[in-house]
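# Notes for the structure review
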Amino acid sequence: MTEQPAPPPAGIDGAAGPGADGGQAVAVDGAPAGASGRFDFAEAMTAANETAYALDIAADRLDWTGNVLQVLGVPSLDAISTEARYRFLIAPEHVGRRLMLGRSGSRGREDGVPYRVQYRLMPRGRSGDVSLRVEDQGRWWADADGYPSRAVGVVRVIDDRYRDEQLLRRRGNQDELTGHLSRRKLIEALSDVVAGSGRENPSAFLMVAINDLSVTNETFGFEAGDEVIAAVGRVLRDELRVGDVIGRYSSNKFGVILRRCGAGAMRMTADRLLTSVRAARINAAACRLSATVSIGGVLVPELAGSANEAIGRSLQALSGAKLKFEGFSAYQPSPQEDSVRLRNIAVTRDVVAALETGRMRLALQPIVSTASWEPVLHECLLRMERADGTMIAAGEFIGIAEQLGLARLVDRRALELAVGILERQPDLRLSLNVSGLTCSDHDWLAALHRLAGGSKLAERLTIEITETAAIRDLDQSAAFVDALKDLGCRVAIDDFGAGNTSFKNLKHLAVDMVKIDGAFVKNLPRDRSDQVFVKAMIELARNLNMETVAEWVGDDATARLLADAGVDYLQGFHFGEPVIVEGATSQ
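If you're wondering where the values come from, they're calculated on a predicted model, not measured in any experiment. (Residues numbered from 1 in each chain as written. Predicted model: local features only at pLDDT ≥ 70, side-chain atom pairs only at ≥ 80, totals over all residues. Heavy atoms only, no water.)

## Some words on the sheet that holds strand 14 (residues 328-330)
- Strand order in this open sheet of five strands is 9-10-8-13-14, and the pairing throughout is mixed. In this open sheet, the two strands that pair with only one neighbour each are strand 9 (245-250) and strand 14. Direction aside, neighbouring strands of the sheet carry axes that sit 20° apart on average.
- Where strand 8 (residues 203-210) and strand 13 (residues 293-300) come together, eight bridges link them in antiparallel fashion. Its bridge partner lying in strand 13, L206 is registered against G297.
- Relative to strand 13, helix 9 (residues 263-279) is tilted by about 160°, and along the sheet it contacts strand 8, strand 10 (253-258), strand 13 and strand 14.
- On the sheet, helix 10 (residues 307-324) packs against strand 8, strand 9, strand 10, strand 13 and strand 14 and is oriented at approximately 140° with respect to strand 13. (Pairing = 2+ DSSP bridges. Helix = DSSP H or I, 4+ residues; strand = E, 2+ residues; numbered from the N terminus. Axes fitted to C-alpha atoms, helices over the stretch in contact; angles between N-to-C directions. Contact = heavy atoms within 4.5 Å.)

Printed below as a string of structure tokens:
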């Protein structure tokens, strides 16, 4: 229920690495390859993309294993028979990586000095069109003066691995669909700009959102939606100056950093972006499409001292822009809005802390029968205990929790508490509210089945869903109601009359009970129109075999009117205020 108001008072390139160890099969003339002085080429080659070599630096002689032509694709052994010839096939910018120079730690090391480098090899020559990325790993040994004399190693073609590594790196830095900066890199760039800007050289941040992209996705498919996103991204990029930055913030939103940009220039740029996107024609596979955007902007660091603050305030401005449709709105400080935002942040932190530390509680309010005037059911009303011990009702935090995606966690905890009460008090029957999000939460249903399925507990539990949530997606709501009834629960529609549904829709949900919104009840003795509405709802519910509950009953006169009108149950302060059940706290 909407709780009756109380009575007064959140590269390895160039790096040394382990080399090819000494073996025992093929000797490398005069080269002390480890303690044995031998190197096993066959063992070194573990895959079709590897070949091994022995290098005599003084004689400029390079010997390879028999598979080298197949692995590297060189035209002949003669093309790689010397170090000089082999080095000529290495891309000019990478030649230095192949040089094994320096004396540090070389003299006296019988096991050789390890090396591992990556470079680009051009097996058909530097003028050819074939290029391979290779990893060269091995060991070299020094002469008496400590200079490289001989080496053995393995050359491994790593084109696929290198491409994968570069792809992963790009994916971390760039958005795959648009090629713009990824969200992470956008925020990093914004942080740098905020830190480097000042009042004398301000910058700006724009949040650009594509309007009605969900309509495109639903009508033409997500591929068409992706084409629109990519096309809008190109238009935005083409309209920016050199030095400005664009990144993809989320599915339909781009972040744009305008360096050295004041309030006037920010507005002019936004207007130009709006016009350019509106004029663009997008040749999607499905058909020719168009798009519009809305833009919110904020000056940094004047009105946003950090990247997170800039993003948050640009999103605030974007909300204002969307009210104009395809318009621009610049963030302006608002003490009232800032106060609400700070309060929401504080409430979110309180909710998370209460869930983590076991400070959620249930208060029970009686629901009496008009036949006996005795309680037959109790509604569970959530309470949150703050760290200082004060208690607040759900109405003060549940709306914020729903907006920030915490409602499912709250509903899960409330379910656990309600089932705990039912286990301790076998004669009690309870009614429990759930948020609209929970109507599509299979995990919550699984938790209900685990906690109460297969027992008689579910038969003593009524689940309340609001009228607004019920009509948002009737098919989904019907499936949710059916699942609850299969588990043995009863189902009630809460706050009925507050939304825009009708009994025609409700009959498809097969609910057991309708709770008449308290707004129709609180002034019932004095408001003739409310009396007419309440009588009509009671009569229609009776015709559909649904029981009725009237909320917010505050006095005996109201109770008598409702009873005479045929309502089945009454709830309100006249019959008892919510009382926290001893032990009904989260653990």
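## Here's the deal with the sheet that holds strand 5 (residues 113-121)
- Pairing is antiparallel in the open sheet, where five strands are placed in the order 4-3-7-6-5. Since the sheet does not close on itself, it has two edges, and those belong to strand 4 (61-64) and strand 5, each with one partner. On average, adjacent strands in this sheet sit at an angle of 25° to one another, irrespective of strand direction.
- By the bridge criterion, nine bridges tie strand 6 (residues 132-142) to strand 7 (residues 148-157) in an arrangement that is antiparallel. In the strand pairing of strand 7, A142 is matched with P148.

## Examining the side chain of E50
- Along the chain, E50 turns up in strand 3 (residues 50-56).
- Separated by 2.5 Å, the side chains of E50 and R156 make a polar contact. (Polar contact = N/O pair within 3.5 Å; in protein donor to acceptor, adjacent residues only side chain to side chain.)

## Points about the side chain of T548
- Within the secondary structure layout, T548 lies in strand 22 (residues 547-550).
- If we skip the residues at most four places from it in the chain, T548 touches V514, I538, A541, G566, V567, D568 and Y569.

## Topic: the packing of helix 7 (residues 213-220) against helix 8 (residues 222-238)
- One can describe the packing of helix 7 onto helix 8 by two numbers: an axis separation of 6 Å at closest approach and a directional angle of 140°. Taken together, the axes of helix 7 and helix 8 are oblique relative to one another. Residues L213, T216, N217 and F220 of helix 7 lie in contact with helix 8, whose contacting residues are F222, A224, G225, V228 and I229.
- Its residues assigned to classes, the contact of helix 7 with helix 8 comprises six nonpolar, three polar and no charged. (Parallel < 35°, antiparallel > 145°, perpendicular 65-115°, else oblique. Nonpolar A, V, L, I, M, F, W, Y, C, P; charged D, E, K, R; others polar.)

## Here we look at the packing of aromatic side chains
- Under the counting rule described, the total for this entry stands at six aromatic pairs.
- With a centroid separation of 5.3 Å and an interplanar angle of 50°, the aromatic rings of W64 and Y86 are classed as tilted. Note that W64 is positioned in strand 4 and Y86 in helix 3 (residues 83-88), a separation of 22 residues in sequence. With respect to burial, W64 and Y86 carry one shared label: buried.
- Taking 6.0 Å as the distance between ring centres and 45° as the angle between the ring planes, the aromatic pair formed by W444 and F480 counts as tilted. Taken as a pair, W444 in helix 14 (residues 442-452) and F480 in helix 16 (residues 474-486) lie far apart in primary sequence, 36 residues in all. Of the two residues examined, W444 and F480, each falls in the buried class.
- An aromatic cluster of at least three residues, connected via ring pairs, comprises Y53, W64, Y86 and Y119.
- The cationic tip of R183 hangs over the ring face of Y249; the distance from NZ or CZ to the ring centre is 4.1 Å. (Phe/Tyr/Trp six-rings, centres within 6.5 Å; stacked < 30°, edge-to-face > 60°. Buried < 20%, exposed > 50% of the residue type's maximum accessible area, 1.4 Å probe, protein only. Lys NZ or Arg CZ within 6 Å of the ring centre and 35° of its normal.)

## Section: the pattern of salt bridges
- Within the structure shown, the criterion is met by 26 salt bridges.
- For R272, the salt bridge identified is with E239, shortest N-O distance 3.2 Å. Here the residue R272 occupies a position in helix 9, and E239 occupies one in the loop between helix 8 and strand 9, the gap between them amounting to 33 residues.
- The exposure class assigned to R272 is partly exposed, which follows from its relative accessible area of 32%.
- In this structure, E547 and R490 form a salt bridge, with 2.9 Å as the shortest nitrogen-oxygen distance. With E547 in strand 22 and R490 in strand 20 (residues 490-496), this residue pair connects regions lying 57 residues apart in the sequence.
- Connected via shared salt-bridge partners are E379, E464, K515 and E551. (Salt bridge = Lys/Arg side-chain N within 4 Å of Asp/Glu carboxyl O.)

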